[in-house]
Structure formats: C-alpha cells, structure tokens
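# Structural overview
Residue-level listing of the chains:
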Amino acid sequence: MEQLSGLDAAFVYLDARNAPMHVGGLHVYQPSQGRFGFEEFRAHIAACIDRSPIFRRRLQQVPLRLGRPFWIDDPHFDLDLHLQHSALPAPGNWEALRELAARMFSRPLDPERPLWHLTFVAGLEHCGSFPPGSFAVISRVHHAAADGLGTLDMFNAIWSHQPQRLKARRHRARPRPPRPPGALKLLRKSLGGVFREPGDTLGWAAGVLRGGLGVGREFIAREHHAPPMLFQAPRSPFNVPISSRRVFDAANLPLEQVRAIRAAVPGATVNDVVLAACSGGLQRYLGDYGNLPERDLIAMAPISVRNQVNKGGNRVSAMLVPLELKAKDPLERLRRIHEHAVDSKAYTEAIGAATLADTSRFVPYSLATAAAGLYSGLHLARYHRPPFNLVITNVPGPREPLYLGTAKLLEGYGTAPVLDGLGLILVVTSYLDTLTVSATAANEAVPDVERLIEGVRASFAELHAAIGKRKPVPRAKRRRADAAG
C-alpha cells in the first residue's frame, strides 16, 4: 500500500466527467509474422501485466477524503474489463480512426478498477500508407498513475526490441493480493502522514526561500529576463468552459529536418523548434478566424524532474514560454522562443523544479476536491484570465524499432487531458526518424482541429524553407535592463 504524492492526488481531484484525467495515445502496428488479431493481443497483454505495477493497482480513498488516496493491489482484477475489441467501419480511413480515438479519450476510467484501458482496433485497410493487416491500439492511463514518461514505462512492459512469439507456459496461480485495508487503518496511515507534514513543509518552504534568493541573484545580475507569471496570459478561444466531447488530429514531421532547423539558431533545441512550429500553426489558425490576441499566447511546457526525486507516479514541473505569434520571420520567431525558453528554464531551476513539483502536497485533499468541482460546476473559467493558454509537452521516444509480440510498431501519437479553461494540449513524441505533434482538444476550444494541425505542418515547412534562404541567425545580445529603462 502506497499513498499518492500531492501531484498525483491533484490529478485525482481534478478528474471530472467533462475532463477525464488520463494520458495515453494511438499506436499503429503491422504484424510481422503471421496473423495478429485480438486473441493474440489479449494473450500478449496477459503475459506481460506482471512487469509493471500500473496494471494491477487501483485507488483506495481515505474515509471522508481526509487525506490523499492510496494505491492497493486490486483483489478482483479482471483483465477483460480493461481490453476492448473494435473495428473501423468501411472504408476505415484516418478520419475514422482519429474520431474513434477522440471518442475513447473522452470516456472516463472506472475509479473502482485499475486506471487503464486498451482498445484493439482492426479495419485499417484504407488508413493512408498503413500496410494490409495493420491494427491500432488506443491507450488510456490515468494521470495519477503516470506522466508521459511513466506511460512509456508501462508500454516498455509490453514492448520488445525483437518480434516475440508467446511460448506455451504452465499456468501458475498468482498469490492472492491482501485484503483492502479497512477504514481505521487508512485513517491511521493518513493521519501519520499529517504528523510528518510539518517537517516536510519546513523543508519545502526553505527550498522556496533558497530558490527565491537564486532567482534574485540571476535576474539582478541581468543574466536572464523574468519569464511570464501565472494568470498573465491573454484570453483566447482555447480558454473556455468545456464539455466531454474531444477532437484529435496529428502531424508527422521528419526529425532530420527538425535538426536542420535547430542548427540554424545557435543554442536552439529540438523542443524550441517544436514550440516555433506550433506557434506558427496557432498564428495561422487564430488569424484565419480573426481571433489573434493582442498579446502573445503563453504555453506551459512540462519539465521532467525524475532525476531530482524518487521514481514512480508523476515527476514533473513546468516552464512558461511566450510563443511570439506576431513575429514575421520564422527563424526570428525560433530565436526569440529559444531565448524565452532559456529564461524560463533558468527561473524554474533557480526555484528548484522538484520544490515546485512538491507544492501540491500541502493542499488539503478534501478542500482541493471540493474546489475543483465548484470551479467546473460554476464555469468560473469565463471570469478570469487563464494561467496560461495551452500546454505543449514533449516526450522523447525510442530511436529503435519496437514490437508488441510479433507486430511491429509503425507510428505513435500521444494524448493528454484538457480542463475547464484550458481546452487544448499539444503532445509531441518521437519514434525512429519521425516527430509527431498531436492535438487533443475540447470541441468548444478547437472545433476545427484539422485546420490547426494543417497550420502546424505549414509552419514547419516555412521554417525548413527559411534555412535554405538565410544564413544561421546569430545569438542576439540580450538587452540590458538599464538600457530598456
């Protein structure tokens, strides 16, 4: 039995019918050795589920929600409740596949069971360039159980680097998990954690103080400009109350071209190129509808802090980056976004990313649950400026071929949750030599998601064309604060 961290618990109390808090994806496979249908898929998952604790553990709430929930082994685990067999209606094209994925992403997971679900999708005969016999898997895993990298940990339990045929095994009875803890035991363990909180709180506060002094030194020395703060973002069509209906689409970008664009701006990263391409796509999309805001959109970019804290669950902090929608030249946009990202990352590191990630530990769980429900129920997102406009998250993927049993992974696309007031998230993943940008959105925020993704493709093409027309952009000298004043 393990109690959820503050951040993991936050994803539980944010969960709502109109905003199910799961991450996941859409993966397309090609059988490489004979048939691979739903029966083979189920048998493979059954053979792999003991490789990751995510598959069998479920939430156990503390009575009256007086503390953060616990993970326990589900004594009634049933694999068939987590697998679904589906097929696309003819002609089975990409539009039908992404619409099915959007419907699945809109459905909440059952909180009384382990928080994951896989849908096997046949009938991909007319989905673009996919070979005959290809199938897809739509995955959903609650954000409380895993962040983007944690989801990869789960898939690493079922993926391999070579095709693997199942071997006939003698059935072994699995030890029966212990009985779920009673109410008194849960309260005792939860209250025991409360008595340890004062020391943890002092450590957290000391970390914040050290971080504040670090920020002061860095920014007084004018080595960096202060990044935007929360609730400084402009209003936009993405920041509205939402329903449970989701839309989904994705673009594939060649990694070779991404690296070529990165080399055009000294110091730029792959993530900077992604932000610049998404910025150009958002500029096109909002401009087409006459909705360009007066001020730059602010993107929240999660930062993994798994090397700073214990593994398991969610280990993320974040930085806020202005997207420079008004920039005319694509490489100038990339240069400015790179500088913004450097400033924001320096700020996050000065405060301490792990310290920021721990902040949610000190919010009373029952109060946070009630506040989240009240915020959504009263549609309060209408009445204030958003903390930021959207999320753009980058989860690097494997560079070598992967297999699910005997089926080769061809393509993969990521998805993540949206919330009231934050109706769009762009998930960036990579596999082999391709980088994908996937848009998951509430229908109210992005009713024409295909147009947004087409804008990202056009923006990326413009960036790639620009590197052939201009010399590399030199690193600009930072404007000193006294000169600005």
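Treat the numbers as computed from the prediction; the structure is a model and nothing was measured.

Moving on: the overall build of the protein. Along its length, the protein carries 12 helices and 16 strands. Residues classed as buried in the protein amount to 52% of the 485 residues present. Relative to all contacts within the protein whose residues are 6 or more apart in sequence, the contacts with residues 24 or more apart total 82%. Surface exposure of the protein reaches about 22800 Å², of which carbon and sulfur atoms provide 54%.

All right, on to the sheet that holds strand β4 (residues 70-73) then. The strand order across the open sheet formed by three strands is β1-β4-β3, and the pairing between neighbours is antiparallel. Each of the sheet's edge strands pairs with one partner strand only, and the pair in question is β1 (2-3) and β3 (57-60). Strand direction decides the pairing type here: β3 and β4, joined by four bridges, are antiparallel. When the bridges of β4 are listed, Leu-59 appears paired with Trp-71.

What follows is about helix α3 (residues 94-105). End to end, α3 covers 16 Å across 12 residues, agreeing with the expected 16 Å (1.5 Å per residue, within 8%). For α3, the set of buried residues is Trp-94, Ala-96, Leu-97, Arg-98, Leu-100, Ala-101, Ala-102, Met-104 and Phe-105.

Time to look at the pairing of strand β5 (residues 83-87). Relative to strand β6 (residues 116-122), β5 is paired through five bridges, and the arrangement is parallel. Its bridge partner being in β6, Leu-83 is matched across the sheet by Leu-118.

Here we come to unusual backbone geometry. Of note in this structure, Phe-231 is not a glycine but carries a positive phi near 65 degrees. Mapped onto the secondary structure, Phe-231 falls in the loop between α5 (183-220) and β9 (246-254). With relative accessibility at 45%, the residue Phe-231 sits in the partly exposed group. Within the chain, Glu-324 stands out as a residue other than glycine whose phi angle is a positive 55 degrees. With respect to the secondary-structure elements, Glu-324 resides in the loop between β11 (316-322) and α8 (330-351). What makes Glu-324 buried here is its relative accessible area of 10%.

Looking now at the confidence of the model for the protein. Looking at the protein, the pLDDT average stands at 81 and 75% of residues meet or exceed 70. Low pLDDT (under 50) marks residues 198-216, which in the prediction has 19 contacts with non-local residues, meaning those over four places away or in another chain.

A full pass over the atoms with the stated rule returns 12 aromatic pairs. With a centroid separation of 5.1 Å and an interplanar angle of 85 degrees, the aromatic rings of Phe-55 and Trp-116 are classed as edge-to-face. A residue pair is termed long-range when its members are at least 10 positions apart, and Phe-55 in the loop between α2 (38-48) and β3 and Trp-116 in strand β6 qualify at 61 residues. When the ring of Trp-94 is compared with that of Tyr-413, the centres are 5.4 Å apart and the planes differ by 55 degrees; the resulting orientation is tilted. Placement of the pair is Trp-94 in helix α3 and Tyr-413 in strand β14 (residues 407-415), with a sequence separation of 319 residues. What makes Trp-94 buried here is its relative accessible area of 18%. Classification of Tyr-413 by relative accessible area gives buried; the value is 5%. Taken together, the aromatic side chains of Tyr-29, Phe-36, Phe-38, Phe-41, Phe-120 and Phe-135 make up a single cluster linked through ring pairs. Residue placement shows Arg-57 over the ring face of Trp-71; its charged tip is 4.5 Å from the ring centre.

Turning next to the environment of Val-247. Mapped onto the elements of the fold, Val-247 is located in strand β9. Classification of Val-247 as buried rests on a relative accessible area of 11%. Distance in space between the C-alpha atoms of Val-247 and Ser-106 is 8.9 Å, their sequence separation being 141 residues. Leaving out residues up to four positions away in the same chain, Val-247 has contacts with Ala-102, Ala-439, Thr-440, Ala-441, Ala-442, Asn-443, Val-446 and Val-449.

Among the nonpolar cores identified, the biggest contains 105 residues, and Phe-41, Trp-116, Ile-392 and Leu-424 are the most heavily contacted of them. When residues in this core are grouped by element, the largest group, nine residues, is from helix α7 (residues 270-288). Leu-88, Ala-96, Ala-101 and Tyr-413 belong to the second-largest nonpolar core, a separate cluster that totals 20 residues.

In this section: the pattern of salt bridges. One pass over the full model with this rule turns up 17 salt bridges. Of the charged contacts, one joins Arg-57 and Glu-2 as a salt bridge, the two residues approaching to 4.0 Å between their closest N and O atoms. Separated by 55 residues along the polypeptide, Arg-57 in strand β3 and Glu-2 in strand β1 bring together distant segments of the chain. For Glu-2, a relative accessible area of 47% puts it in the partly exposed group. Arg-284 is the salt-bridge partner of Glu-462, the closest N and O atoms lying 3.6 Å from each other. Remark: Arg-284 occurs in helix α7 and Glu-462 occurs in helix α11 (residues 449-466); sequence separation between them is 178 residues. Residues joined by salt bridges that share partners form a network here, namely Glu-324, Glu-332, Arg-335, Arg-336 and Glu-339.

Take the sheet that holds strand β7 (residues 135-142) next. Across the sheet, seven strands lie side by side as β5-β6-β7-β2-β14-β13-β8; this open sheet has mixed pairing. Of all the strands in the sheet, the pair left with one neighbour each is β5 and β8 (159-160). Strand contacts of α3: β2 (22-31), β5, β6, β7 and β14, with the helix running at about 20 degrees to β7, the strand carrying the most contacts.

With respect to the helices, strands and loops of the structure, Glu-411 is situated in strand β14. This buried residue, Glu-411, is left without a salt bridge; Arg-457 holds the nearest opposite charge, at 9.3 Å. Apart from residues no more than four positions distant in its own chain, Glu-411 is found in contact with Leu-26, His-27, Val-28, Phe-130 and Asn-252.

Turning to the packing of α7 against α11, a few remarks are in order. Two numbers describe how α7 lies on α11: the axes approach to 7 Å, and their chain directions differ by 125 degrees. Judged by the inter-axis angle, α7 sits oblique to α11. Handedness of the crossing formed by α7 with α11: right-handed. Listed contacts from α11 to Val-273, Ala-276, Ala-277, Cys-278, Gly-280, Gly-281, Leu-282, Arg-284, Tyr-285 and Asp-288 of α7 are Arg-451, Leu-452, Gly-455, Val-456, Ala-458, Ser-459, Phe-460, Glu-462 and Leu-463.

What counts as what
Residues numbered from 1 in each chain as written. Predicted model: local features only at pLDDT ≥ 70, side-chain atom pairs only at ≥ 80, totals over all residues. Heavy atoms only, no water. Helix = DSSP H or I, 4+ residues; strand = E, 2+ residues; numbered from the N terminus. Buried < 20%, exposed > 50% of the residue type's maximum accessible area, 1.4 Å probe, protein only. Contact = heavy atoms within 4.5 Å. Areas by Shrake-Rupley, 256 points an atom, 1.4 Å probe, with all protein chains shown as cover. Pairing = 2+ DSSP bridges. Expected span 1.5 Å × (residues − 1). pLDDT = per-residue confidence, 0-100. Phe/Tyr/Trp six-rings, centres within 6.5 Å; stacked < 30°, edge-to-face > 60°. Lys NZ or Arg CZ within 6 Å of the ring centre and 35° of its normal. Core = buried A, V, L, I, M, F, W, Y, C linked by side-chain atoms within 4.5 Å. Salt bridge = Lys/Arg side-chain N within 4 Å of Asp/Glu carboxyl O. Axes fitted to C-alpha atoms, helices over the stretch in contact; angles between N-to-C directions. Lys, Arg positive; Asp, Glu negative; His and termini not counted. Parallel < 35°, antiparallel > 145°, perpendicular 65-115°, else oblique. Left-handed = near helix turned anticlockwise from the far one by under 90°.

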